[in-house]
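# Structural description and commentary
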Amino acid sequence: MNAATIFPRFSESEYRRREARVREGMAARGLDAVIAVGDSGRHGSNHANVYWLTNWVDPYVCYAILTAKGGPWVLMSNPLYLHTARRAARAVEIEAFPYGKSPGVVLAEKLADLGLSKGRIGIAGVRHIGR
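Residues numbered from 1 in each chain as written. Predicted model: local features only at pLDDT ≥ 70, side-chain atom pairs only at ≥ 80, totals over all residues. Heavy atoms only, no water.

The next thing to look at is the nonpolar core. Ranked by internal contacts, the top residues of the largest apolar core, which has 19 residues, are Val 22, Trp 56, Met 76 and Ile 94. Listed by contribution, the elements that provide at least two residues to this core are helix H2 (12-29), strand S1 (33-38), helix H3 (48-54), strand S2 (62-67), strand S3 (73-76) and helix H4 (82-88). Non-local contacts of Met 76, meaning those with residues more than four positions away in its chain, are made with Trp 56, Asp 58, Val 61, Cys 62, Tyr 81, Leu 82, Ala 85, Ile 94, Glu 95, Ala 96 and Phe 97. Counting residues in each nonpolar core, the second largest holds 12 residues, with Ile 35, Tyr 63, Val 106 and Leu 116 among its members. (Core = buried A, V, L, I, M, F, W, Y, C linked by side-chain atoms within 4.5 Å. Buried < 20%, exposed > 50% of the residue type's maximum accessible area, 1.4 Å probe, protein only. Helix = DSSP H or I, 4+ residues; strand = E, 2+ residues; numbered from the N terminus. Contact = heavy atoms within 4.5 Å.)

It is worth spelling out the packing of aromatic side chains at this point. Under the definition given, this model contains 3 aromatic pairs. Where Phe 10 meets Tyr 15, the ring centres are 6.3 Å apart and the plane angle is 70°; that geometry is what we call edge-to-face. Between the aromatic rings of Tyr 60 and Tyr 81, the centroid separation amounts to 5.9 Å while the plane-to-plane angle is 55°, which identifies the pairing as tilted. Placement of Tyr 60 in the loop between H3 and S2 and of Tyr 81 in the loop between S3 and H4 is noted, with a sequence separation of 21 residues between them. Taking the relative accessible area as the measure of exposure, Tyr 60 reaches 39% and is therefore partly exposed. You can call Tyr 81 partly exposed: its relative accessible area is 28%. Sitting over the face of the ring of Phe 10, Arg 18 holds its NZ or CZ atom 4.4 Å from the ring centroid. (Phe/Tyr/Trp six-rings, centres within 6.5 Å; stacked < 30°, edge-to-face > 60°. Lys NZ or Arg CZ within 6 Å of the ring centre and 35° of its normal.)

So, in structure tokens, the structure goes:
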């Protein structure tokens, strides 16, 4: 069985359309990048933004970065699932955090690698429990 059978996904043109939609929103807000955040709460529903961009639902925590010109890049918390993510996800690059390293540090380093140390960054998908 190949990866497309196990991990079905939308067409490439659909993913390009989704990226364009996000980039339109980024431009309207003056953002250089967006970090989509996903965590394992609520039976995967907290991964909706990451999944929508990449076709990956992480069993734990992951982030997808989309810039005005590139991406998405997926950064995941548990390297045990890296081989599966690389088969399932649609991303420029998929990496796991080094053990013991803070997600904030890893994300900041990745943004610096992308030339966005001083960029304006949006965050999508953070859970909010409101009343």
